[in-house]
Amino acid sequence: MQEYAREFAEFRMQVPSELQRAGGVYLLRSGRNRAKPEYDVGPKMIECFSFHFVVSGCLLLTDERGRKFVVGEGRMFCLFPNVSYRYKIADASTELRMQWFAFGGPQSPHLCAALGLTPDRPSLDVDLGPRWRELANRLHASVGGGDPIRQLRSFYELIEWLRVGTPQEDRLARPRDWLAHCASYIRLHYAEPIRVEALAEEAGVHRSYLSDAFRKAYGMSPKQYATNLRLTNAADLLRDSELPVQDIAATVGYPDLFAFTRAFTKHYRMSPTAYRLGGTSAGSSVPVTP
């Protein structure tokens, strides 16, 4: 490490390649330090995101709104782009040591959100044990040279380690608008065998709570919502395409023609064949939005 005015530090920087910039996230620089007792940085802004891990000691982080966050050993904090921060030693009796990774790209805010990191809550507990040291050292060594694909993989490994290793109470257990997230999940995967248990796990809530809340918000259960999407899209295909009925059944997720015909007839009060022959005005589907 090289000596600077307020710290001993090692910095590694890079210009992302075209391949890296074309992806969703890319590293810009990394570093690690041993702070001097008078360590005090800012107020300053950076143009990107940066994860700072407090390896030892304790730091006081202050944002541009005057909010203060004490970040001790075994925690990390995120600096968000174009937000003014000041950070300094909070306890001079213990040496402050940190390691950080600065990154950019359109996926960056989504990665932070997935970890529960926001400007209002920029810090969380982490386990800085052997696995973290392995990942951090490998990633730090890759900045400024090496294989860009391997570097990206190492960065995502670090993100995954943060996501899995962060205590449940210190990260977001579910998307902020988790009901809308569940509805989007079903709309995207309605033709697949969706399990309510898997949907509840995706949302981070209990199965029974999901079913009750979904029914209140959308007027139907998650299973009914998926069935309605299947049959609505099947009706569109019967009306607007020349696909055989059996192919339409498979397209919208029914394992055989009999199951599809039975479900369609119950929903529209006519068979798929009758619907195609001109009975589209009879019967109607349940709206898929509240």
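Asks: Can you tell me about the overall build of the chain, naming the residues and giving the values?
Replies: For the chain, the count of helices and strands is 11 helices and 11 strands. Taken over the C-alpha trace, the chain has a radius of gyration of 26 Å; the compact-globule value for 290 residues is 19 Å, which it surpasses by more than 25%. Dimensions of the chain, computed from C-alpha atoms along their principal axes, come out at roughly 80 × 40 × 35 Å. Across the 290 residues in the chain, those meeting the buried criterion constitute 45%. A total of about 15,400 Å² of accessible surface is found on the chain, and carbon and sulfur atoms cover 52% of it.

Asks: Which residues make up the nonpolar core, and what values do they have?
Replies: Core analysis: the largest hydrophobic core is formed by 49 residues, its most contacted members being Phe51, Phe53, Leu117 and Trp161. Residues Ile186, Leu199, Ala213 and Met270 belong to the second largest nonpolar core, which totals 35 residues.

Asks: A description of the sheet that holds strand S7 (residues 68–72) should follow, citing residues and the corresponding values.
Replies: On the basis of which strands lie adjacent, the open sheet formed by 4 strands has the order S4-S9-S6-S7 and antiparallel pairing. The outermost strands of the open sheet, each flanked by one partner alone, are strand S4 (40–44) and S7. Strand-to-strand twist in this sheet, taken as the mean axis angle between neighbours without regard to direction, amounts to 15°. Relative to S7, strand S6 (residues 58–63) runs antiparallel, the two sharing 5 bridges. In the strand pairing of S7, Thr62 is matched with Lys68.

Asks: Mind laying out unusual backbone geometry, listing which residues take part and the relevant values?
Replies: Residues Gly42 and Pro43 are joined by a peptide bond in cis, for which omega reads 5°. With respect to the secondary-structure elements, Pro43 resides in strand S4. Positive phi outside glycine occurs at Asn82, with the angle close to 60°. Structurally, the position occupied by Asn82 is in the loop between strand S8 (75–79) and strand S9 (85–89). The exposure class assigned to Asn82 is exposed, which follows from its relative accessible area of 55%. The backbone of Arg269 sits at a positive phi, close to 60°, despite the residue not being glycine. Structurally, Arg269 can be placed in the loop between helix H10 (257–268) and helix H11 (272–276). Of the residues examined, Arg269 reaches a relative accessible area of 72% and is grouped as exposed.

Asks: Summarise the pattern of salt bridges; cite the residues concerned and give the values.
Replies: Should the charged atoms of two oppositely charged side chains come close, the side chains can pair. In the structure shown here, the tally under the stated rule is 17 salt bridges. In this structure, Glu95 and Arg34 form a salt bridge, with 3.6 Å as the shortest nitrogen-oxygen distance. Of this pair, Glu95 sits in the loop between S9 and strand S10 (97–104) while Arg34 is found in strand S3 (residues 26–35), placing the two residues 61 residues apart along the sequence. Using a relative accessible area of 31% as the deciding quantity, one classes Arg34 as partly exposed. Taken together, the salt bridges that share partners define one network made up of Asp63, Arg65, Arg67 and Asp120.

Asks: An account of helix H5 (residues 178–189) is needed here, citing residue identities and associated values.
Replies: The end-to-end C-alpha distance of H5 is 16 Å, a good match for the 16 Å that 12 residues give at a rise of 1.5 Å each. Among all positions of H5, only Trp178, Leu179, Cys182, Ala183 and Ile186 are buried. Here the buried residues of H5 occupy an arc of 150° about the axis, which is enough to place them on one side.

Asks: Explain the sheet that holds strand S11 (residues 123–125) to me, using residue names and the numbers behind them.
Replies: One open sheet holds the 7 strands; their spatial order is S1-S2-S3-S10-S5-S8-S11, and the pairing between them is antiparallel. Either end of the sheet is taken by a strand with one partner, and the two such strands are strand S1 (2–3) and S11. Judged from the 8 bridges that link them, S3 and S10 form a sheet pairing that is antiparallel. Within S10, the residue paired with Ser30 across the bridge is Phe101. Helix H3 (residues 130–142) contacts strand S2 (7–13), S3, strand S5 (49–56) and S10 of the sheet and is inclined by roughly 55° relative to S10.

The rules behind each value
- Residues numbered from 1 in each chain as written.
- Predicted model: local features only at pLDDT ≥ 70, side-chain atom pairs only at ≥ 80, totals over all residues.
- Heavy atoms only, no water.
- Helix = DSSP H or I, 4+ residues; strand = E, 2+ residues; numbered from the N terminus.
- Rg over C-alpha atoms; globule rule 2.2 N^0.38 Å.
- Buried < 20%, exposed > 50% of the residue type's maximum accessible area, 1.4 Å probe, protein only.
- Areas by Shrake-Rupley, 256 points an atom, 1.4 Å probe, with all protein chains shown as cover.
- Core = buried A, V, L, I, M, F, W, Y, C linked by side-chain atoms within 4.5 Å.
- Pairing = 2+ DSSP bridges.
- Axes fitted to C-alpha atoms, helices over the stretch in contact; angles between N-to-C directions.
- Salt bridge = Lys/Arg side-chain N within 4 Å of Asp/Glu carboxyl O.
- Expected span 1.5 Å × (residues − 1).
- Arc of directions from axis to C-beta.
- Contact = heavy atoms within 4.5 Å.

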